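Structural overview for review
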Amino acid sequence: LLYGHSGASGAPGHAQVHARPPALTTFLDRQKFQTATAMAAMAAKPLARRSTAFGVSDVIIGTSPLGGIGTSISDAAAAAIVEKCVATGFRDFDTAPLYGLGKAEERLGEGLRRSGKAAQCRVWTKVGRLIRTTENVADPDDVEEANVPGKGIYLDSPKDARPVQDYSWNGAFLSYDDSVRRLGENIKICGLRCHDPETKLLESLAVCTGGSLEGLSALRQRHGTEVSIGLNDADVALRLLQAVQSGTQALRVDSVMLAGRWHLLDQTGAEVFRYCAEHSIAVHVAGVYASGLLAGGALYEYRKPSMAEKKRLQSWAALCAEHAVSLKAAALAFAFLP
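About the criteria used
- Along each chain, residue indices are assigned from 1 in the same order as the chain's sequence is written.
- Confidence filtering applies because this is a predicted model: local features only for residues at pLDDT of at least 70, side-chain atom pairs given and counted only at 80 or more, and all residues used for totals across whole chains, interfaces and linings.
- Note: side-chain values were computed over all heavy atoms of the structure, leaving out hydrogens and water.
- Counting from the N terminus, the helices are the DSSP runs of H or I reaching at least four residues and the strands are the DSSP runs of E reaching at least two.
- Here's how the labels work: a residue is buried when its accessible area is under 20% of the maximum for its type, exposed when over 50%, partly exposed in between, all with a 1.4 Å probe on protein chains only.
- Methods summary: accessible areas were calculated by the Shrake-Rupley approach with a probe of 1.4 Å, and residue burial reflects only the protein chains presented.
- pLDDT: the predictor's confidence for each residue, scored from 0 to 100.
- By the convention used here, residues are in contact when the closest approach between their heavy atoms is within 4.5 Å.
- Here, any two strands with at least 2 DSSP bridges between them count as paired.
- Note on geometry: axes are C-alpha line fits, over the in-contact stretch for helices, and angles between N-to-C directions span 0 to 180 degrees.
- In this analysis, the protein atoms alone were mapped onto a 1 Å grid. Cavities are point sets where a 1.4 Å probe fits without being able to get out; pockets are open sets with protein on both sides within 12 Å along at least five of seven lines; lining residues have an atom within 4 Å of a point.
- Grid points are joined across faces, edges and corners, and a volume is the space filled by probe spheres set on the points.
- Residue classes follow a fixed rule: Ala, Val, Leu, Ile, Met, Phe, Trp, Tyr, Cys and Pro count as nonpolar, while Asp, Glu, Lys and Arg count as charged, and any other residue, Gly among them, counts as polar.
- For the purposes of this section, nonpolar cores are sets of buried Ala, Val, Leu, Ile, Met, Phe, Trp, Tyr and Cys residues that join through side-chain atoms within 4.5 Å.
- Salt bridge, as used here: a side-chain nitrogen of Lys or Arg that lies within 4 Å of a carboxyl oxygen of Asp or Glu.
- Residue count minus one, scaled by 1.5 Å, sets the expected span of a helix.
- Orientation is classified from the angle alone, with under 35 degrees giving roughly parallel, over 145 giving roughly antiparallel, 65 to 115 giving roughly perpendicular, and any other angle giving oblique.
- For any helix crossing, the convention is left-handed if the near helix is rotated counterclockwise from the far helix by under a right angle, and right-handed if that rotation is clockwise.

1. Structural notes on the overall build of the chain
The helix and strand inventory of the chain stands at 10 helices and nine strands. By the burial criterion, 51% of the 338 residues in the chain qualify as buried. For the chain, the exposed area adds up to about 14800 Å²; of that, 56% sits on carbon and sulfur atoms.

Structural data, given as C-alpha cells:
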C-alpha cells in the first residue's frame, strides 16, 4: 500500500462508552499474554519471501494528502492528482472519513469520476469516526479533540466538522452510508477498515458483541465489502486478530492495513506478517516511505526525526548509492519482500 504519509493517524480521544466492564479487562489481559506468547513462538520463523514480481496493479494509492495533511491543496489540484494516478494505471485507492474530515473522500470521488474510469476502480475506506457538524454532535465528550480543525494535521478540514468516535455496529453502518454519500455516484467501496482502535477501550469496543467488527461483518453480507483493520500498532493488530479468531462470533478478517511498521527504518510489524500468513489474511502495508522521510521529506511520523533515525536513513542512502539504486525504489521493493 503506497502512502506518502502514514495510513492510520490521530490521537485517541473519548468514545461513546466510558467504562470497561471487569470481564473485558480480564479478556484484554489474556489477549496480551497470548500475543506475547505467540510473538515469542514466531520469532524464530523466517518470513516467506514474495515469489512473484510486483507492479502497478499491486499498489493501493493512499489519499490522506487529499485531506490537506501538512499542506493545503485545492479541490482542482486534488482531482488532478487522482486523474493522474488513474491515467498511470492505478485502480485501487484507500481513504478514510478522518482524512480532512470527509474532504479526502469527496475529492477522491470527484477525481475518479473525472478520470472516466471510475467503474474500473476500487476504494477502501474506514469506520470508527463519524464526521458531524458542531450542531449535530449529540455528546461533546465523544468528539476526538486531537483531530478537530485547527488542532489536527489536516489543514483542509471544514471548520465546523467534528470527528465523533463510534466503534459500534450502528456506527459502522452510519459511517458506510456517509462514505457512500461523500464519494458520490459510480464509486465502488470494496473494503471497510476498522480505523485506529488503539486504546484498550476502543480495542474492546471494536471486538465486543455489537461492536464495529460485527457491523463490518454484516456489511460484508449486505454489500460484499471486505472486512479489514487499519492501524499502526502491531501489538494491537495481533490482539485484535487473535480476539476475532478465538471469539464465539462468526467473524472473519480479510485484511489488515498496517501503517508505518514495515519499511526500511522500522520492521516491528514482522509478527503481523507471520500471523496473517498462517491464517490467510492479506496485509496492506501503508507508509512504505516512512511518512515521506525515505522519499526526501523532512518529517517522520509527523515529527522531526531523531538523530538515530537520521543515521539509519543516511546508512540506507549510502548503501543505495553504492549499488546505483534510488532510495525510493529500494523502499518500495522492501515493502513487497514478504
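Back to the text.
2. Remarks on the confidence of the model for the chain
When pLDDT is averaged along the chain, the result is 88; 86% of the residues meet or exceed 70. Low pLDDT (under 50) marks residues 1-28, which in the prediction has 103 contacts with non-local residues, meaning those over four places away or in another chain.

3. Focus on the sheet that holds strand 6 (residues 189-195)
With parallel pairing, seven strands are arranged side by side in an open sheet as 1-2-3-6-7-8-9. Strand pairing shows two members of the sheet lacking a second neighbour, strand 1 (60-62) and strand 9 (282-286), which therefore form its edges. Going across the sheet, the axis of each strand differs from the next one's by a mean of 25°, ignoring polarity. In terms of strand pairing, strand 8 (residues 255-259) meets strand 9 through five bridges, oriented parallel.

4. Concerning unusual backbone geometry
In this structure, Asn186 takes a positive phi of about 65° despite not being glycine. Position of Asn186 relative to the elements: it lies in the loop between helix 4 (169-183) and strand 6. Within the chain, Ala324 stands out as a residue other than glycine whose phi angle is a positive 55°. Of note, Ala324 is situated in the loop between helix 9 (307-322) and helix 10 (327-335).

5. A look at the layout of surface pockets
There is about 530 Å³ of room inside the largest pocket. Lining the largest pocket are 25 residues, with Arg50, Phe273, Ala282, Val283 and Pro338 positioned closest to its centre. Broken down by element, the residue count for the lining of the largest pocket peaks at five residues, all from helix 8 (residues 270-278). Considered class by class, the residues forming the lining of the largest pocket number 16 nonpolar, two polar and seven charged.

6. Some details on the pairing of strand 6
Successive residues of a regular strand alternate their side chains across the two faces of the sheet. With respect to burial, strand 6 is a largely interior element, seven of its seven residues being buried. One ladder, built from five bridges, connects strand 6 with strand 7 (residues 226-231); its direction is parallel. In the strand pairing of strand 7, Gly191 is matched with Glu226.

7. A short note on the nonpolar core
Counting 81 residues, the largest nonpolar core has Phe93, Leu108, Leu112, Leu213, Leu216, Leu241 and Leu294 as its most contacted members. For this core, the leading source of residues is helix 7 (residues 234-246), giving eight residues. With residues near it in sequence (within four places) discarded, Phe93 still touches Ile60, Ile61, Thr63, Val82, Cys85, Val86, Leu108, Leu112, Cys121, Arg122, Val123 and Trp124.

8. Notes on the pattern of salt bridges
For the coordinates displayed, the defined rule picks out 22 salt bridges. Between Lys126 and Asp94 there is a salt bridge whose closest N-O contact spans 2.4 Å. Placement of the pair is Lys126 in strand 3 (residues 122-127) and Asp94 in strand 2 (residues 92-94), with a sequence separation of 32 residues. There is no split in this pair, since Lys126 and Asp94 are both buried. Two residues, Arg220 and Asp254, come together in a salt bridge whose shortest N-O distance is 2.9 Å. With Arg220 in helix 6 (residues 212-223) and Asp254 in the loop between helix 7 and strand 8, the pair connects residues that are 34 residues apart, well separated along the chain. Here Arg220 and Asp254 have matching classes, each one buried. When salt bridges that share partners are traced, they join Asp75, Lys103, Arg107 and Asp156 into one network.

9. Some thoughts on the environment of Leu294
Note on placement: Leu294 falls in the loop between strand 9 and helix 9. A sequence separation of 38 residues divides Leu294 from Leu332, and the C-alpha atoms of the two residues are 9.8 Å apart. Every residue in contact with Leu294, bar those within four places of it in the chain, is listed here: His263, Leu264, Leu265, Val288, Tyr289, Leu313, Leu327, Lys328 and Ala331.

10. Overview of helix 6
Here helix 6 spans 16 Å end to end across 12 residues, near enough to the 16 Å set by a 1.5 Å rise per residue. When you tally the buried positions in helix 6, you get nine out of 12 residues, the bulk of the element. All buried positions along helix 6 are accounted for by Ser212, Leu213, Glu214, Gly215, Leu216, Ser217, Ala218, Leu219 and Arg220. Each element contacted by the buried residues of helix 6 is listed here: strand 3, helix 4, strand 6, helix 5 (200-207), strand 7 and helix 7. Positioned one or two residues after helix 6, Gly224 has a phi angle of 75°, which is positive.

11. A word on the pairing of strand 5 (residues 161-165)
Burial of strand 5 is extensive: four of the five residues sit out of reach of the surface. For strand 4 (residues 129-133) and strand 5, the ladder comprises five bridges, and the chain directions are antiparallel. Bridge assignment links Thr133 to a residue of strand 5, and that residue is Ala161.

12. Description of the packing of helix 4 against helix 6
Two numbers describe how helix 4 lies on helix 6: the axes approach to 7 Å, and their chain directions differ by 50°. The pairing of helix 4 with helix 6 is recorded here as oblique in orientation. Where helix 4 crosses over helix 6, the two elements pack in a sense that is right-handed. Two secondary-structure elements touch here, helix 4 through Trp169, Ala172, Phe173 and Tyr176 and helix 6 through Ser212, Glu214, Gly215, Leu216, Ala218, Leu219, Arg222 and His223.

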